[in-house]
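# Observations on chain architecture
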There are 2 protein chains.
Amino acid sequence: MANKKIRGVYLVTDRPLCRMHSLAEVVRLAALGGVNLVQLREKETDSREFLELAKHLKEILRPFSIPLLINDRLDICLAAGANGVHLGQSDLPWQDARRILGKDAIIGLSLETKEDYHSLIKTDSHPGLDYLAVSPIFETNTKTNTKPAWGLEGLKWLRTQTKLPIVAIGGIKESNAKDVLDAGADSLAVVSAICSAKDPKLATEILSEKFH
Amino acid sequence: MANKKIRGVYLVTDRPLCRMHSLAEVVRLAALGGVNLVQLREKETDSREFLELAKHLKEILRPFSIPLLINDRLDICLAAGANGVHLGQSDLPWQDARRILGKDAIIGLSLETKEDYHSLIKTDSHPGLDYLAVSPIFETNTKTNTKPAWGLEGLKWLRTQTKLPIVAIGGIKESNAKDVLDAGADSLAVVSAICSAKDPKLATEILSEKFH
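Below: a short report on this structure.

Definitions and cut-offs
- Residues numbered from 1 in each chain as written.
- Chains lettered and ligands numbered in written order.
- Predicted model: local features only at pLDDT ≥ 70, side-chain atom pairs only at ≥ 80, totals over all residues.
- Heavy atoms only, no water.
- Contact = heavy atoms within 4.5 Å.
- Buried area = accessible area lost by both parts, 1.4 Å probe.
- Salt bridge = Lys/Arg side-chain N within 4 Å of Asp/Glu carboxyl O.
- Polar contact = N/O pair within 3.5 Å; in protein donor to acceptor, adjacent residues only side chain to side chain.
- Helix = DSSP H or I, 4+ residues; strand = E, 2+ residues; numbered from the N terminus.
- Nonpolar A, V, L, I, M, F, W, Y, C, P; charged D, E, K, R; others polar.
- Pairing = 2+ DSSP bridges.
- Axes fitted to C-alpha atoms, helices over the stretch in contact; angles between N-to-C directions.
- Buried < 20%, exposed > 50% of the residue type's maximum accessible area, 1.4 Å probe, protein only.
- Arc of directions from axis to C-beta.
- Least-squares fit on C-alpha atoms with pLDDT ≥ 70 in both.
- Phe/Tyr/Trp six-rings, centres within 6.5 Å; stacked < 30°, edge-to-face > 60°.

Below, the discussion takes up the interface of chain A and chain B. If you look at the interface, chain A gives 20 residues, while chain B gives 20 residues. Taken together, the two surfaces of chain A and chain B that pack against each other cover about 1700 Å², and 56% of this comes from carbon and sulfur. It is Arg48, Asp75 and Leu92 of chain A that lose the most area in chain A upon contact with chain B, and together they represent 32% of the buried surface on that side. Remark: the boundary between chain A and chain B carries 0 salt bridges. On the surface where chain A and chain B come into contact, there are 12 residue pairs in polar contact (both at pLDDT 80 or more). A total of 5 residues in the side of chain A that touches chain B trace back to one element, the largest contributor, which is helix 3 (residues 74-80) of chain A. Split into classes, the residues belonging to the side of chain A that touches chain B amount to 8 nonpolar, 4 polar and 8 charged.

Laid out in structure tokens, this is it:
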């Protein structure tokens, strides 16, 4: 059983951004570099290929006891034996995910706005989630159609509202990582900073050091 | 519990083809017309909306005890309390679906070629499936990128190979329905013949009569 501690560097995959190495190689190198969590995100892939990718990454991460999360697709998570799911605002409700995946699964939810947080706690003041993701913390080109960035002030605000671990994502790099942690994030989620790095292991190590 | 008997008219939904009525209305009218099974197929919809649609159709079909299947997405099936899934060749393997959904779920698989059938029985000579779909039986414009049509001869061949119920899909209409049944199909699956019909109830009744 992978632990549910959400702290450290969180890799969100993006195959088109893996230019220098294959996705599997990026994940292996990030694991060697000390990544805390990996989320497999695939938006255009058919279910069969998505499952094969998930199984392959799970195999790579198992010896490191690094959890693998699946973006959106609970069925891929179940079929691949992954450790949980990351849900966006248009994905299945977290309550369904918890019911279907069970209490040991890691379930995280993206918040795009303060209103998303208010709606979340309206139905349940202590939502059964393992983390909240502030998305995006900074403007970024990786995801399209995102709402305005939260910024450090937005992150600080959310920190005053919740005891759940907070994952920050969007435009995080070495130069701003410390500011994001100081503002209250427990985890730094990155896409291109690792996927597109010449040396994904080194890139992960550099971000990991910010936690020491 | 909906019964697993696969015989009769099988409606596969396609929202863009529902021009005269909403999807919900098409499904309600098809239920009144005696449809045996409904499959919700959505390819571009986000998970949340897909789930809402599935729950809505499930509600419409429950009083009729007509099973609702979900195309591809096991997680939508589980979250909506639908009765099973229809799997294509690029969807999750049926063994995973059976393990995740349990023995009461209806699980069907599309076969696009004779080779698909041979691969299927290679791993398990009695696959734990509730039906096989011959897709497409005739050329059609509804689905893109399909392989050459099976034709009546192909259907007759499959009938000699398997005792599993056979669903035929693709270009089925009143004029060829009897030929398809005579060639060995247990169920006639249609998309536009009901979705685009001026009177979906009547269209369903006309096809249902072919079974008498």
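On to the sheet that holds strand 6 (residues 131-134) of chain A. Residues and elements named next belong to chain A. Strand order in the closed barrel made by the 8 strands is 1-2-3-4-5-6-7-8, with parallel pairing throughout. Across this sheet, the average inter-strand angle for adjacent strands is 25°, counted without regard to direction. In terms of strand pairing, strand 3 (residues 68-71) meets strand 4 (residues 84-87) through 3 bridges, oriented parallel. Note that in strand 4 the partner of Asn71 across the bridge is His86.

What follows concerns helix 7 (residues 174-182) of chain B. Residues separated by three or four positions in an α-helix point in the same direction, a consequence of the helix having 3.6 residues per turn. Residue and element names in this part refer to chain B. Listed as buried for helix 7 are Asn176, Ala177, Val180 and Leu181. Projection of helix 7 onto a plane perpendicular to its axis shows the buried side chains occupying an angular sector of 150°, all on one side. Within helix 7, the exposed residues directed more than 90 degrees away from the buried face are Ser175, Lys178 and Asp182. The secondary structure elements touched by the buried residues of helix 7 are helix 6 (151-161), strand 7 (166-169), strand 8 (187-190) and helix 9 (200-209). Of the residues flanking the end of helix 7, it is Gly184, one or two places downstream, whose phi is positive at about 120°.

Overlaying chain A with chain B gives an RMSD of 0.0 Å, the required rotation being 180° about an axis along which the chain moves by 0.0 Å. Those values place the two copies in the arrangement expected of a two-fold rotation axis. Looking at the rotation axis and the C-alpha trace of chain A, the residue lying nearest is Asp75 of chain A, at 2.4 Å. Comparing interface residues between copies, 100% of those in chain A also sit at the interface in chain B, which points to an isologous, same-surface contact.

Our focus in this paragraph is the side chain of Ser110 of chain B. For Ser110 of chain B, the position within the fold is in strand 5 (residues 106-111). Those residues in contact with Ser110 of chain B that lie beyond four places of it in its chain are His86, Leu87, Gly88, Gln89, Ala133 and Ser135 of chain B.

Okay, the packing of aromatic side chains next. According to the stated counting rule, one finds 6 aromatic pairs over all chains in the structure shown. Between Tyr117 of chain A and Trp157 of chain A, the aromatic rings sit 5.8 Å apart at their centres with planes inclined by 90°, giving edge-to-face as the arrangement. Of this pair, Tyr117 of chain A sits in helix 5 (residues 114-123) while Trp157 of chain A sits in helix 6 (residues 151-161), placing them 40 residues apart in sequence. Between Tyr10 of chain B and Tyr131 of chain B the ring centres are 5.7 Å apart and the planes differ by 90°, which places this aromatic pair in the edge-to-face class. Of the two residues, Tyr10 of chain B is situated in strand 1 (residues 8-12) and Tyr131 of chain B in strand 6 (residues 131-134); the sequence distance between them amounts to 121 residues. Owing to a relative accessible area of 1%, Tyr10 of chain B belongs among the buried residues under this scheme. Assessed through its relative accessible area of 0%, Tyr131 of chain B is described here as buried. Three or more aromatic residues link up through ring pairs in this structure, and these residues are Tyr117, Trp150 and Trp157 of chain A.

The next subject is the sheet that holds strand 4 (residues 84-87) of chain B. All names here are of chain B. In spatial order, the strands read 1-2-3-4-5-6-7-8; together these 8 strands close into a barrel with parallel pairing. In this sheet, adjacent strand axes meet at a mean angle of 25° when their direction is disregarded. Here strand 4 runs beside strand 5; their pairing, made up of 4 bridges, is parallel. Residue pairing across strands places Val85 opposite Ile107, the latter belonging to strand 5. Sheet strands touched by helix 5 (residues 114-123): strand 5 and strand 6. Its angle to strand 5, the strand with the most contacts, is close to 135°. Sheet contacts for helix 6: strand 5, strand 6 and strand 7; angle to strand 7, the most-contacted strand, approximately 165°.

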